[in-house]
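A look at the structure
Listed below are the residues making up each chain.
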Amino acid sequence: MDRLVNTVRPYAWGSTTAIPELLGVRPTGEPQAEMWMGAHPGAPSRVDRGAGSVALSEVIAADPEGELGADAVSLFGPRLPFLLKVLAAASPLSLQVHPDLAQAKEGFADEEERGVPADAPHRNYKDANHKPELICALTPFNGLCGFRDPNEAAGLLAALEVDSLKPYVDILHAHPESHALREVLTAVLTADPEAMAETVRTATAAAERLGAQDGPHAPAYTAYASIARHYPGDPGVIAAMLLNFVTLQPGEALYLGAGVPHAYLDGLGVEIMANSDNVLRCGLTPKHVDVPELLRVVRFESAAPAVLRPEADPSGEELYTTPIDEFRLSRHVLADGAAPRPLPATGPQILLCASGEVSLRGADGALPLKRGESAFVPAGEETALSGDGTVFRATVNA
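Just so it is clear, the structure is predicted and the values come from calculations on it, not from any experiment. Residue positions are given per chain, counting from 1 as you read along its sequence in written order. Only residues with pLDDT of at least 70 are given local features in this predicted model, and only at 80 or more are side-chain atom pairs given and counted; all residues enter the totals for whole chains, interfaces and linings. Side-chain metrics rest on all non-hydrogen atoms present in the structure, leaving aside hydrogens and water.

**Quick look at the overall build of the protein**
Operational definition: Where helices and strands are cited, they refer to DSSP runs of H or I of at least four residues and of E of at least two residues respectively, numbered from the N terminus. Computation of the radius of gyration draws on C-alpha atoms alone. For the globule rule, the value is 2.2 Å times the number of residues to the power 0.38. Using a 1.4 Å probe on the protein chains alone, a residue whose accessible area is under 20% of its type maximum counts as buried, one over 50% counts as exposed, and one in between counts as partly exposed. Contact between two residues is taken to exist if any of their heavy atoms lie within 4.5 Å; hydrogens are not considered. Using a 1.4 Å probe, accessible areas were evaluated by the Shrake-Rupley method; residue-level cover was limited to the displayed protein chains. For the charge count, each Lys or Arg is scored as positive and each Asp or Glu as negative, with His and the chain ends excluded. Each charge is placed at NZ for Lys, CZ for Arg, CG for Asp and CD for Glu.
For the protein, the count of helices and strands is twelve helices and 22 strands. Against the compact-globule benchmark of 21 Å for 398 residues, the protein has a radius of gyration of 22 Å, which places it among compact chains. With the C-alpha coordinates of the protein rotated into their principal frame, the extents come out at 70 × 50 × 40 Å. Expressed as a percentage of its 398 residues, the buried residues of the protein come to 55%. Within the protein, counting contacts between residues at least 6 apart in sequence, those at least 24 apart form 75% of the total. Entry remark: accessible area of the protein is about 16700 Å², with carbon and sulfur atoms responsible for 52%. Computing the positive centroid from 30 side-chain charges and the negative centroid from 52, the protein places the two 3 Å apart.

In structure tokens:
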């Protein structure tokens, strides 16, 4: 088992205080958006096994089966198939979707064949993998997830009383669900930029007014107005109004599969995802938006967000159930004085102490973990947790 030294990414939307508070360090005044735990080549964690600091990716590359286990290597290749993060949003992230595995393989192969440079700003597919993800709230956490029922979306838009939105309202009422959502999203993202910017400005003022009133959708209108203040004139503001607004309470989670449009708005959470960089953006960003490819990937179906709550097994482990193999996220809520809790050793593990202080004990001794600290446990290494705190456990789901 190895203590991890992790990189914090300073994206502009990040909180200046949430991750420093978790780590117990002084804020620098700059945004600190994501702390990465894993072996992603963009910012691999580092370990020290007595010969100095080494990237976890290099450790795994030197002995994939020893670090990951034969089963994981057989299924996912010689790499850690997931990335664990602490995500701290102070302002909205881009509105985006992720491809499924077949779409990712096809899109990556196509861009490779056409010679699109890997670092080109208009490139959609950085790799041939899908990117399902799960976000679990550590604080109240706001986001957008999946399409609203078209009739409900029509009602929200109609209440704004903006003339240029009325054609969208009519489409949402008149067409079958999938056609209505596709047609409106396409129209929003391909509209004349100046005309759309004016629509966004007018809709923002109306959303602010409705958010200040006492109504069932007031929190959503307030959220949409806040988004618009961060992205004035962006067509993604109108696209966001087609989506469900959701607030997660600490301990609750959302699973985001392929094709589901979503955006994180604000809050602190633990995020886990398949180890991929494939993102199709659909607004709230200055980056490239490939509308034709986006329309190929988005699933135009409405669904209320399925909020996950952890389910405990007899061992005390609380699992967030997801339908994919690349990752499995659970948590252990430990009480001082309780018996050590053994951890399965069937695959590679990353453990994050989210609160309190705990001890991870293995054959070679104990590794103390304070709030914000994390550890990597290779496959096959027997360990047990004890102490007083909450630990998130990431491993493979196979």
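**A look at the packing of aromatic side chains**
Quick note on the threshold: Put simply, two rings from Phe, Tyr or Trp (the six-membered ring, in Trp's case) pair if the centres are within 6.5 Å, and we call them stacked under 30 degrees between planes, edge-to-face over 60, tilted for the rest.
Summed over the entire model, instances satisfying the criterion amount to three aromatic pairs. For the ring pair Tyr11 and Trp13, a centre distance of 5.8 Å and an interplane angle of 35° mean the geometry is tilted. For Tyr11, a relative accessible area of 27% corresponds to the partly exposed category. Ring centres of Phe141 and Tyr264 lie 5.5 Å apart, and the angle between their planes is 75°; on these two criteria the pair is classed as edge-to-face. Placement of Phe141 in strand 9 (residues 141-147) and of Tyr264 in strand 12 (residues 262-274) is noted, with a sequence separation of 123 residues between them. The same class applies to Phe141 as to Tyr264, namely buried.

**Quick look at the side chain of Asp2**
What counts, and what does not: Pairing of N or O atoms within 3.5 Å defines a polar contact, subject to two protein rules: one partner must be a possible hydrogen donor and the other a possible acceptor, and residues neighboring in sequence count only if both atoms are side-chain atoms.
Relative to the elements of secondary structure, Asp2 occurs in strand 1 (residues 2-3). Only 2.9 Å separates the side chain of Asp2 from the side chain of Arg49, close enough to count as a polar contact. Other than its neighbours up to four places away in sequence, Asp2 contacts Val47, Arg49, Leu367, Ser374, Ala375 and Phe376.

**Overview of the pattern of salt bridges**
A side chain of one charge can pair with a side chain of the opposite charge when the charged atoms of the two come close. Note the threshold: Put simply, a salt bridge is a Lys or Arg side-chain nitrogen that is within 4 Å of an Asp or Glu carboxyl oxygen.
Scanning the model with the defined rule gives 17 salt bridges in all. As a salt-bridge pair, Glu106 and Arg296 come within 3.6 Å of each other at their nearest N and O atoms. Of this pair, Glu106 sits in helix 5 (residues 101-113) while Arg296 is found in helix 12 (residues 291-297), placing the two residues 190 residues apart along the sequence. With a closest N to O distance of 3.2 Å, Glu208 and Arg229 form a salt bridge.

**Here's the deal with empty space enclosed by the protein**
Selection rule: The distinction between a cavity and a pocket rests on a 1 Å grid over the protein atoms alone: a 1.4 Å probe fits inside a cavity but cannot get out, while a pocket stays open yet meets protein on both sides within 12 Å along at least five of seven lines, and a residue with an atom within 4 Å of a point counts as lining. Grid points are joined across faces, edges and corners, and a volume is the space filled by probe spheres set on the points. Polar here means any residue outside two lists: the nonpolar Ala, Val, Leu, Ile, Met, Phe, Trp, Tyr, Cys and Pro, and the charged Asp, Glu, Lys and Arg; Gly therefore counts as polar.
With the rule as written, the count across this model stands at two cavities of 30 Å³ or more. Forming the walls of the largest cavity are Phe141, Gly143, Leu144, Cys145, Val246, Leu248, Leu254, Leu256, His262, Ala263 and Tyr264. Here the lining of the largest cavity gets four residues from one element, more than from any other, and that element is strand 9. Of the residues that constitute the lining of the largest cavity, the class distribution is nine nonpolar, two polar and no charged. Here the second largest cavity is characterised by a volume of approximately 30 Å³. If you go around the second largest cavity, the residues you meet are Leu95, Phe147, Leu185, Ala239, Leu243, Pro261 and Cys282. In terms of residue class, the lining of the second largest cavity is built from seven nonpolar, no polar and no charged.

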